Amino acid sequence: MAMQRGNPNWSKPNSFRAVPPILTAFEQTVRDFDLQPEQYLQSEALRQWARRNSNSKYIPELLLRAWGISSKA
């Protein structure tokens, strides 16, 4: 008898586990600073973090524009 190839359970709904969501660096920083979305613009700590990381991390474009930070991507 020939050996079967592939995963015999590929079509069963419980054969795959959900991948847990991964936070971006921005989302993790906001969580660390314990900020709500309406507090982003007023947060000096978040603004300084964004200034240091604007070229290497994802930061929403609207915040960068509001703070006058240019990202050189």
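Residues numbered from 1 in each chain as written. Predicted model: local features only at pLDDT ≥ 70, side-chain atom pairs only at ≥ 80, totals over all residues. Heavy atoms only, no water.

Caption draft 1: The arrangement of the environment of L23 in detail. Within the fold, L23 resides in the segment before α1 (25-32). For the pair L23 and Q4, spaced 19 residues apart in the sequence, the C-alpha separation amounts to 39 Å. Contacts of L23, omitting those with residues within four sequence positions, involve Q28 and R31. (Helix = DSSP H or I, 4+ residues; strand = E, 2+ residues; numbered from the N terminus. Contact = heavy atoms within 4.5 Å.)

Caption draft 2: Examining the side chain of T29 more closely. Of note, T29 is situated in helix α1. Taking the relative accessible area as the measure of exposure, T29 reaches 9% and is therefore buried. Not counting chain neighbours up to four residues away, the residues in contact with T29 comprise L46 and W49. (Buried < 20%, exposed > 50% of the residue type's maximum accessible area, 1.4 Å probe, protein only.)

Caption draft 3: Quick peek at the packing of aromatic side chains. In total, this model carries 3 aromatic pairs according to the counting rule given. Ring centres 6.4 Å apart and planes at 50 degrees place the aromatic pair F26 and W49 in the tilted group. Of this pair, F26 sits in helix α1 while W49 sits in helix α2 (residues 44-53), placing them 23 residues apart in sequence. W49 carries the same exposure label as F26, and that label is buried. Clustering of aromatic rings is evident, with ring pairs tying together F26, Y40, W49 and Y58. (Phe/Tyr/Trp six-rings, centres within 6.5 Å; stacked < 30°, edge-to-face > 60°.)

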